[in-house]
Amino acid sequence: MAWERPQPRDVSDYGNPRDHGAHCDSCPLKDSRFVPALLSKGKPRLIIVGEGPGHNEAVMREPFVGRTGKLLDSTLESVGIQRDEVTLNNSSMCLPETDKDAERSAECCAPRLLKELQGYPADVPIMALGKAASRSVLGVKSILLSRGFIWTARDLANPLKAVDAAIRKAEREKNPKMDRIGDLRLRKKILEGRQAIM
């Protein structure tokens, strides 16, 4: 039997990212091929949010299929979790050409990501991989600032309450090297509509 090239995933049932809350009209990648989330089979044991698709992901229209996907599969397997038990998403749905485009596209996709995360089961942990994902999910500038937090869709259903709790935790820790409090207060202002997403 001859080798056949894998076919890209059919994403026609997803529709337009704008219908899911993405601000595509403000995005530098608005005309790009998008890669929607890949849902688990049944209730997910874990939700993983990456930064955005790479070249292979953009071609196949599926998150985590390149080298990062292979690493993810082996890491999950080492802790007894199968890929089909995990929901995979990205902070940005499109492949950026520059870091600046990546940052802006994650900002434009943030409302879409939040809406999708709120639709998952409330008790499933959410793992953000990388700076853009941490910023989109947790509203922090640095991965280090998100240390010590386990977030679930329940937290995102009432993000102001979750951010208030995180601010209290950060104030108790009083770690001068981490500006977690300032980042969380900015996140709260954005959620309350008092600050635009930059």
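As a reminder, the structure under discussion sits directly above these lines.
The structure displayed is predicted, hence computed values, not measured ones.

Rules used in this analysis
- Residues numbered from 1 in each chain as written.
- Predicted model: local features only at pLDDT ≥ 70, side-chain atom pairs only at ≥ 80, totals over all residues.
- Heavy atoms only, no water.
- Helix = DSSP H or I, 4+ residues; strand = E, 2+ residues; numbered from the N terminus.
- Contact = heavy atoms within 4.5 Å.
- Areas by Shrake-Rupley, 256 points an atom, 1.4 Å probe, with all protein chains shown as cover.
- Core = buried A, V, L, I, M, F, W, Y, C linked by side-chain atoms within 4.5 Å.
- Buried < 20%, exposed > 50% of the residue type's maximum accessible area, 1.4 Å probe, protein only.
- Expected span 1.5 Å × (residues − 1).
- Arc of directions from axis to C-beta.

### Quick notes on the overall build of the protein
Here is step 1 of the chain: In terms of regular secondary structure, the protein is built from seven helices and four strands.
Here is step 2 of the chain: Across the protein, helices and strands are ordered from the amino to the carboxyl terminus as β-α-α-β-α-β-α-β-α-α-α.
Here is step 3 of the chain: Excluding contacts between residues fewer than 6 apart, the proportion of contacts in the protein whose partners are at least 24 apart in sequence is 72%.
Here is step 4 of the chain: Total accessible area on the protein stands at roughly 11500 Å², and carbon and sulfur atoms take up 53% of it.

### Here we look at the nonpolar core
Where a protein is soluble and globular, its nonpolar side chains tend to be buried together.
Here is step 1 of the chain: One finds Ala 37, Ile 47, Val 49, Leu 113, Leu 117, Tyr 120, Val 124, Ile 126, Ala 133 and Val 137 forming the largest nonpolar core, which totals 10 residues.
Here is step 2 of the chain: Within the residue set of this core, elements represented by two or more residues are strand E1 (46-50), helix H3 (99-118) and helix H4 (131-138).

### Structural notes on helix H2 (residues 67-78)
Here is step 1 of the chain: In a regular helix each residue adds 1.5 Å, so 12 residues correspond to 16 Å; H2 covers 17 Å between its end C-alpha atoms and thus fits that length.
Here is step 2 of the chain: Here H2 has its buried residues at Gly 69, Leu 72 and Leu 76. Buried residues of H2 fall within an arc of 60 degrees about the axis and therefore sit on the same side. Exposed and oriented more than 90 degrees from the buried face of H2 are Arg 67, Lys 70, Leu 71, Glu 77 and Ser 78.
Here is step 3 of the chain: Tucked into the core, H2 has its buried residues touching E1 and strand E2 (86-90).
Here is step 4 of the chain: Directly after H2, the chain includes Gly 80, whose backbone phi takes a positive value near 80 degrees.

### Focus: the environment of Val 86
Here is step 1 of the chain: Secondary-structure assignment places Val 86 in strand E2.
Here is step 2 of the chain: The exposure class of Val 86 is buried, given its relative accessible area of 2%.
Here is step 3 of the chain: Placed 38 residues apart in sequence, Val 86 and Val 124 show a C-alpha to C-alpha distance of 9.9 Å.
Here is step 4 of the chain: Not counting residues within four places of it along the chain, the set of residues in contact with Val 86 comprises Leu 38, Leu 39, Ser 40, Leu 46, Ile 48, Leu 76 and Ile 81.

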